[in-house]
Amino acid sequence: MSKKFQIIAKDWYKRRKPTQDKPIAVSVEIPDYQQVANHLCAMDVMFDNGVRKTLIARVIYNKMKGYWTVDGMEVAVKVLED
């Protein structure tokens, strides 16, 4: 089984005006991903402006909904299984 990562949109526009200067994440790779709660891993993120960042992320399991996420604060992803 391989893992895919779906980017979760973080919209804060309910109370604030949206700004166009913030880059949007277009792809995410997590080479050292382990499906263990609170595991710290490196998240490689490519943004639409061509900038590549490596974020320190944490693996989280949602017991209520039964799925895994990886949160790097700037970018969060939902883990999908093939």
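Everything below is about the structure shown above.
What comes next concerns the included structure. (Residues numbered from 1 in each chain as written. Predicted model: local features only at pLDDT ≥ 70, side-chain atom pairs only at ≥ 80, totals over all residues. Heavy atoms only, no water.)

**Remarks on the pattern of salt bridges**
Thought 1: According to the stated counting rule, one finds 2 salt bridges in the structure shown.
Thought 2: A salt bridge links E81 to K3; the nearest nitrogen and oxygen atoms lie 3.3 Å apart. Of this pair, E81 sits in strand β6 (residues 76-81) while K3 sits in strand β1 (residues 3-8), and the two are 78 residues apart along the sequence.
Thought 3: E81 gets classed as partly exposed once you look at its relative accessible area, which sits at 42%. (Salt bridge = Lys/Arg side-chain N within 4 Å of Asp/Glu carboxyl O. Helix = DSSP H or I, 4+ residues; strand = E, 2+ residues; numbered from the N terminus. Buried < 20%, exposed > 50% of the residue type's maximum accessible area, 1.4 Å probe, protein only.)

**Notes on the sheet that holds strand β4 (residues 52-62)**
Thought 1: Pairing within the open sheet is antiparallel, and its 6 strands lie in the order β1-β6-β5-β4-β3-β2. Pairing within the sheet leaves two strands with one partner each, and these edge strands are β1 and β2 (25-29). Strand after strand, the sheet turns through a mean of 35° between neighbouring axes, direction not considered.
Thought 2: Here 5 bridges tie β4 to strand β5 (residues 67-71), and the two strands are oriented antiparallel to one another. Bridge pairing in β5 links N62 to Y67. (Pairing = 2+ DSSP bridges. Axes fitted to C-alpha atoms, helices over the stretch in contact; angles between N-to-C directions.)

**Quick look at the environment of R52**
Thought 1: Tracing the chain through its elements places R52 in strand β4.
Thought 2: Taking the relative accessible area as the measure of exposure, R52 reaches 47% and is therefore partly exposed.
Thought 3: In sequence terms R52 and A25 are 27 residues apart; their C-alpha atoms lie 9.3 Å from each other.
Thought 4: In this view, R52 contacts E29, V45 and M46; residues no more than four positions away in its chain are not counted. (Contact = heavy atoms within 4.5 Å.)

**Quick word on unusual backbone geometry**
Thought 1: Positive phi outside glycine occurs at N38, with the angle close to 70°.
Thought 2: Note that N38 resides in the loop between β2 and β3 (40-47).
Thought 3: One non-glycine residue, M73, adopts positive backbone phi at about 70°.
Thought 4: With respect to the secondary-structure elements, M73 resides in the loop between β5 and β6.
Thought 5: We classify M73 as exposed; its relative accessible area is 68%.

**With respect to the packing of aromatic side chains**
Thought 1: In the structure shown here, the tally under the stated rule is 2 aromatic pairs.
Thought 2: Seen from their ring centres, F5 and Y33 are 5.5 Å apart, and the 75° between their planes marks the pair as edge-to-face. Of this pair, F5 sits in strand β1 while Y33 sits in the loop between β2 and β3; the two residues are 28 residues apart in sequence, bridging distant segments of the chain.
Thought 3: Here F5 falls in the partly exposed class, since its relative accessible area comes to 21%.
Thought 4: Measuring from centroid to centroid gives 4.7 Å for Y61 and W68, while their planes differ by 45°, and the two rings are tilted. (Phe/Tyr/Trp six-rings, centres within 6.5 Å; stacked < 30°, edge-to-face > 60°.)

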